[in-house]
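Read off the chains here:
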Amino acid sequence: MKKTFLLIAFLSASFFNTSKAQGFEEGKTFVNVGIGGPYFPTLVAEAILRESGNITSSTFYPIYLKGEIALSENMGIGLNLAYAGASAQGSHQNSNSNLSVNYIDKVSYQTASALVRFNYHFVKNNKFDPYLGMGMGYRWGQWTNSSTDPTYSFGKSKTYFPFGADLTFGCRYMFSDMIGAYVEMGIAKSPFQFGVTARF
């Protein structure tokens, strides 16, 4: 028991050890993995099925994978990858049919993006790293509607203008030289996001 306690104390001290490096330092590479919310397309999917009954929905909250290279003490460039999805399902009876049959209606949405991102970092601090970021690049999205009712006509609707952009204010906090956390808010697949950061 004593050895276990000493091991936990050692690992905790190593993890939360004060970093001697800057929070954002030229030549360093940062990798963020995060999740975001709230996600509004779920509400849109439910609204599309407003005439159906017994509506249930599910959300694949936006996930983010971000890489950034520090070009200087204030500027960084990187690549942002993101994916999200939403779906809703309901049922209805066809009023033109004499049969009491429940038909299943489904609506789903999927989206993904790959953006080149530029970040400006404001403060030179060992742990605290606030920044403003803007990304531009490719965005894909697709709505899919279906029903078991043969009288319904549904299909797929893709994004016709595949340009994506984001603008967020964020902050990293480094627990150690290599591990930290980040949070961002602004215009992206979700208004808020947070996750873990690795620095190399």
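Placed above this text is the structure.
Chains are numbered independently. Their residues run from 1 in the order of the written sequence. Residue-level local features of this predicted model are given only where pLDDT is at least 70; pairs of side-chain atoms are given and counted only at 80 or more, and the full residue set underlies all totals for whole chains, interfaces and linings. Computation of side-chain values covers all heavy atoms of the structure but excludes hydrogens and water.

> When you look at the overall build of the protein in this model, what are you seeing that I'm missing?
When helices and strands are tallied, the protein shows two helices and nine strands. Numbering of helices and strands runs from the N terminus; a helix is a DSSP stretch of H or I covering at least four residues, while a strand is a stretch of E covering at least two. Put simply, the protein runs from its N terminus to its C terminus through helices and strands in the order α-β-α-β-β-β-β-β-β-β-β. Relative to its full complement of 200 residues, the protein shows a buried share of 34%. Excluding contacts between residues fewer than 6 apart, the proportion of contacts in the protein whose partners are at least 24 apart in sequence is 65%. All accessibility values rest on the Shrake-Rupley procedure with a 1.4 Å probe; residue burial counts only the protein chains present in the view. Carbon together with sulfur atoms contributes 66% to the accessible area of the protein, which is approximately 11,900 Å² in total. With a 1.4 Å probe rolled over the protein chains alone, any residue whose accessible area is under 20% of its type maximum counts as buried; one over 50% counts as exposed, and the rest are partly exposed. In what follows, a contact means two residues having at least one pair of non-hydrogen atoms within 4.5 Å.

> Explain the layout of surface pockets to me, please; I cannot follow it from the model alone.
One way to see where empty space is left: roll a probe the size of a water molecule over the atoms. Empty space within the largest pocket amounts to approximately 280 Å³. Here a cavity means grid points, on a 1 Å grid over the protein atoms only, where a 1.4 Å probe fits yet cannot get out; a pocket means an open set of points with protein on both sides within 12 Å along at least five of seven lines; lining residues are those with an atom within 4 Å of a point. Around the largest pocket, the lining comprises 18 residues; the ones closest to its centre are Ser113, Arg139, Ala165, Ala188 and Lys189. Sorting the residues of the lining of the largest pocket by element identifies strand S2 (53-70), strand S3 (75-93), strand S4 (102-121) and strand S7 (163-174) as the ones contributing at least two each. Broken down by element, the lining of the largest pocket gets its largest block of residues, four residues, from S4. Three residue categories are used. Nonpolar comprises Ala, Val, Leu, Ile, Met, Phe, Trp, Tyr, Cys and Pro, charged comprises Asp, Glu, Lys and Arg, and polar comprises the others, including Gly. The residue makeup of the lining of the largest pocket, split by class, is nine nonpolar, five polar and four charged. Grid points are joined across faces, edges and corners, and a volume is the space filled by probe spheres set on the points.

> Before we go on, may I ask you to explain the pattern of salt bridges in this structure?
By convention in these notes, a salt bridge is any Lys or Arg side-chain nitrogen within 4 Å of a carboxyl oxygen on Asp or Glu. Enumeration over the complete set of coordinates arrives at six salt bridges. One salt bridge in this structure joins Glu68 and Arg172, with 2.5 Å as the shortest N-O distance. Of the two residues, Glu68 sits in strand S2 while Arg172 sits in strand S7, which places them 104 residues apart along the sequence. Arg172 shares its class with Glu68; the two are buried. Between Arg117 and Asp166 there is a salt bridge, with its nearest N and O atoms 3.2 Å apart. Highlighted residues: Arg117 in strand S4 and Asp166 in strand S7, separated in sequence by 49 residues. In this pair, the class of Arg117 matches that of Asp166, namely buried. A network of salt bridges, in which partner residues are shared, links Lys66, Arg117, Asp166 and Glu184.

> Sorry if this is basic, but what is going on with unusual backbone geometry here?
Glycine aside, residues mostly have negative phi angles, and peptide bonds mostly take the trans form. Geometrically, the link from Gly37 to Pro38 is a cis peptide bond, its omega value of -15° lying close to zero. If you trace the backbone, Pro38 turns up in the loop between strand S1 (29-37) and helix H2 (41-48). In this model, Asn54 sits at a positive phi of 55°, which is unusual for a non-glycine residue. Asn54 gets classed as exposed once you look at its relative accessible area, which sits at 69%.

> What's the story with the packing of aromatic side chains in this structure? I'm lost.
Ring pairs (aromatic) are described by centroid distance and by the angle formed between their planes. Any two rings among Phe, Tyr and Trp, with Trp reduced to its six-membered ring, count as a pair given centres within 6.5 Å; such a pair is stacked if its planes are under 30 degrees apart, edge-to-face if over 60, and tilted if neither. Scanning all chains against the criterion turns up six aromatic pairs. Considering the side-chain rings of Phe122 and Phe169, the 6.4 Å spacing of their centres and the 40° angle between planes classify their relative orientation as tilted. A residue pair is termed long-range when its members are at least 10 positions apart, and Phe122 in the loop between S4 and strand S5 (128-147) and Phe169 in strand S7 qualify at 47 residues. On the basis of relative accessibility, which here comes to 44%, the residue Phe122 falls in the partly exposed class. Overall, the relative accessible area of 42% leaves Phe169 in the partly exposed class. A ring pair is formed by Tyr173 and Phe175, whose centres lie 5.6 Å apart and whose planes are at 65°; its orientation type is edge-to-face. A relative accessible area of 36% places Tyr173 in the partly exposed class.

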